[in-house]
Amino acid sequence: MEHYIDIFINGYKGYADYLWREITNPNWHSYFYWLMGVSAFFFIVELVKPWRQNQATFRKDFWLDFFYMFFNFFLFSLIIYNAASDVVVNFFNDALASIGITNLVAFEVMSWPVWAHLLLGFVVRDFVQWWTHRLLHRVPALWEFHKVHHSVEQMGFAAHLRYHWMENVVYRSIEYIPLALIGIGLRDFFIIHIFTLAVGHFNHSNFRLNLGPLKYIFNNPQMHIWHHAYDLPKQKRYGVNFGLTLSVWDYLFKTNYIPHEGRDIKLGFPGVEKFPKDFVRQNTYGFGKRK
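First things first, this report covers the structure right here in the doc. Every value quoted in this text rests on a predicted model; they were computed, and no experiment measured them.

**Details of the overall build of the protein**
And step 1. The helix and strand tally for the protein stands at ten helices and zero strands.
And step 2. Ordered by position in the sequence, the α and β elements of the protein form the string α-α-α-α-α-α-α-α-α-α.
And step 3. Relative to its 291 residues, the protein shows a buried fraction of 46%.
And step 4. Look at the contacts in the protein between residues 6 or more apart in sequence, and 77% of them connect residues 24 or more apart.

**Some words on the pattern of salt bridges**
And step 1. Counted under the stated rule, the structure contains eleven salt bridges.
And step 2. A salt bridge links Arg162 to Asp65; its shortest N-O distance comes to 2.5 Å. Of the two residues, Arg162 is situated in the loop between helix H5 (140–150) and helix H6 (165–182) and Asp65 in helix H3 (residues 62–98); the sequence distance between them amounts to 97 residues. Pair check on accessibility: Arg162 and Asp65 agree, each one buried.
And step 3. Close ionic contact of Lys147 with Glu144 constitutes a salt bridge, the shortest N to O distance being 3.2 Å. With Lys147 and Glu144 both in helix H5 and three residues apart, this pair spans about one turn of that helix. Glu144 carries the same exposure label as Lys147, and that label is buried.

**Side note on the packing of helix H2 (residues 31–48) against helix H7 (residues 186–204)**
And step 1. As a packed pair, H2 and H7 sit with axes 10 Å apart at the nearest point and diverge in direction by 25 degrees. Between H2 and H7, the crossing angle belongs to the class labelled roughly parallel. In this structure, H2 meets H7 at a crossing whose hand is right-handed. Contacts from Tyr31, Trp34, Leu35, Val38, Ser39 and Phe42 in H2 reach Phe189, Phe190, His193, Ile194, Leu197, Ala198, His201 and Phe202 in H7.
And step 2. A per-class count over the contact of H2 with H7 returns eleven nonpolar, three polar and no charged.

**Comments concerning the packing of aromatic side chains**
And step 1. Applying the stated rule across the entire model yields 36 aromatic pairs.
And step 2. On the basis of an interplanar angle of 40 degrees and a centroid distance of 5.7 Å, the ring pair of Phe43 and Phe58 is categorised as tilted. Linking Phe43 in helix H2 with Phe58 in the loop between H2 and H3, this pair joins segments that are 15 residues apart in sequence.
And step 3. Pairing Trp130 with Trp131 gives two aromatic rings, centres 4.9 Å apart and planes at 85 degrees, and the pair type is edge-to-face.
And step 4. What makes Trp130 buried here is its relative accessible area of 0%.

**Side note on a nonpolar patch on the surface**
And step 1. On the surface, Ile23, Tyr33 and Met36 cluster together into a nonpolar patch covering about 230 Å² of accessible area.
And step 2. As for its position among the elements, Tyr33 is in helix H2.
And step 3. The exposure class assigned to Tyr33 is partly exposed, which follows from its relative accessible area of 32%.

**Description of the nonpolar core**
And step 1. Judged by nonpolar contacts, the single largest core of 21 residues is most densely connected at Leu35, Met69, Phe73, Phe74, Leu161 and Leu197.
And step 2. Of all elements in the fold, only H2, H3 and H7 reach the threshold of two or more residues within this core.
And step 3. Ranked by residues supplied to this core, first place goes to H2 with six residues.
And step 4. Setting aside chain neighbours within four positions, we find Met69 in contact with Leu35, Ser39, Phe157, Ala158, Leu161 and His201.
And step 5. Listed in part, the ten residues of the second largest apolar core include Val148, Tyr230, Phe275 and Tyr285.

**Describing unusual backbone geometry**
Peptide bonds are mostly trans, and most non-glycine residues show a negative phi.
And step 1. Residues other than glycine seldom take positive phi values, yet Asp61 does so here, at roughly 70 degrees.
And step 2. Checked against the element boundaries, Asp61 lands in the loop between H2 and H3.
And step 3. Of note in this structure, Lys254 is not a glycine but carries a positive phi near 60 degrees.
And step 4. Relative to the helices and strands, Lys254 resides in the loop between helix H9 (248–252) and helix H10 (279–284).

**Comments concerning the environment of Glu22**
And step 1. Along the chain, Glu22 turns up in helix H1 (residues 2–24).
And step 2. In sequence terms Glu22 and Phe32 are ten residues apart; their C-alpha atoms lie 6.2 Å from each other.
And step 3. Leave out the neighbours within four places in its chain, and Glu22 touches His29, Ser30, Tyr31, Phe32, Tyr33 and Phe74.

Cut-offs used in this document
- Residues numbered from 1 in each chain as written.
- Predicted model: local features only at pLDDT ≥ 70, side-chain atom pairs only at ≥ 80, totals over all residues.
- Heavy atoms only, no water.
- Helix = DSSP H or I, 4+ residues; strand = E, 2+ residues; numbered from the N terminus.
- Buried < 20%, exposed > 50% of the residue type's maximum accessible area, 1.4 Å probe, protein only.
- Contact = heavy atoms within 4.5 Å.
- Salt bridge = Lys/Arg side-chain N within 4 Å of Asp/Glu carboxyl O.
- Axes fitted to C-alpha atoms, helices over the stretch in contact; angles between N-to-C directions.
- Parallel < 35°, antiparallel > 145°, perpendicular 65-115°, else oblique.
- Left-handed = near helix turned anticlockwise from the far one by under 90°.
- Nonpolar A, V, L, I, M, F, W, Y, C, P; charged D, E, K, R; others polar.
- Phe/Tyr/Trp six-rings, centres within 6.5 Å; stacked < 30°, edge-to-face > 60°.
- Patch = residues over 30% accessible without salt bridge, like charges linked within 9 Å, V, L, I, M, F, W, Y side chains within 5 Å.
- Areas by Shrake-Rupley, 256 points an atom, 1.4 Å probe, with all protein chains shown as cover.
- Core = buried A, V, L, I, M, F, W, Y, C linked by side-chain atoms within 4.5 Å.

This is the structure in structure tokens:
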């Protein structure tokens, strides 16, 4: 037990040191400055060529969503997640070692060409996330947490990272084994993560771009707006357009739904009018029985 307590304490110190270096030493490997840069790019795009021209630049809940971006990327890990996940991962690996499994890697992809293991890691992660996203809509207890993301009533790039902290736990827990099996390295994960960050900002942005045939591969604002629609057809009551970065899964599994452009549709879900509006109540929402 003392071993895991040490891991927990060192996890705090390690992540605090990492976050300090991220902020004080800008470089090409800094998540913090990539987040700032990608966000600034889409802020300018929305300012110069907004899809919904009557929507304010600083739309409803813009600053709340802006805070969520940094909370879910950095502060949540600093507060608890990084230290707790270090303990869980070490306990999991120790448990596997006790039955003779010392290495989860099933495919030595790092010996492949760089483009090949980047592509494999990206596709595997996105496919796992697509199914996890469906799970968030299908399981009532998880949907209560996911409501935070769907409480967005005016869409913009910063809405991408408005989500309940429990989603971090759910996504990362489910991703762990598939990514461990293919042995994706930290450099690859960084590149994949920045790419998916940019596409996620794009999907939520107040911007319209015609992707042509690429719309059947990559998610886009015209498609993702319908995922946030207040009113959905009865036969698709658990949601539509679940793609995070790739749209291809929705077309393959018949969850795609774009009846028209959808620029001005009402966003949210039935009952969103009474949903908590502040950060603290949104992030304590979903625990216990709710009416």
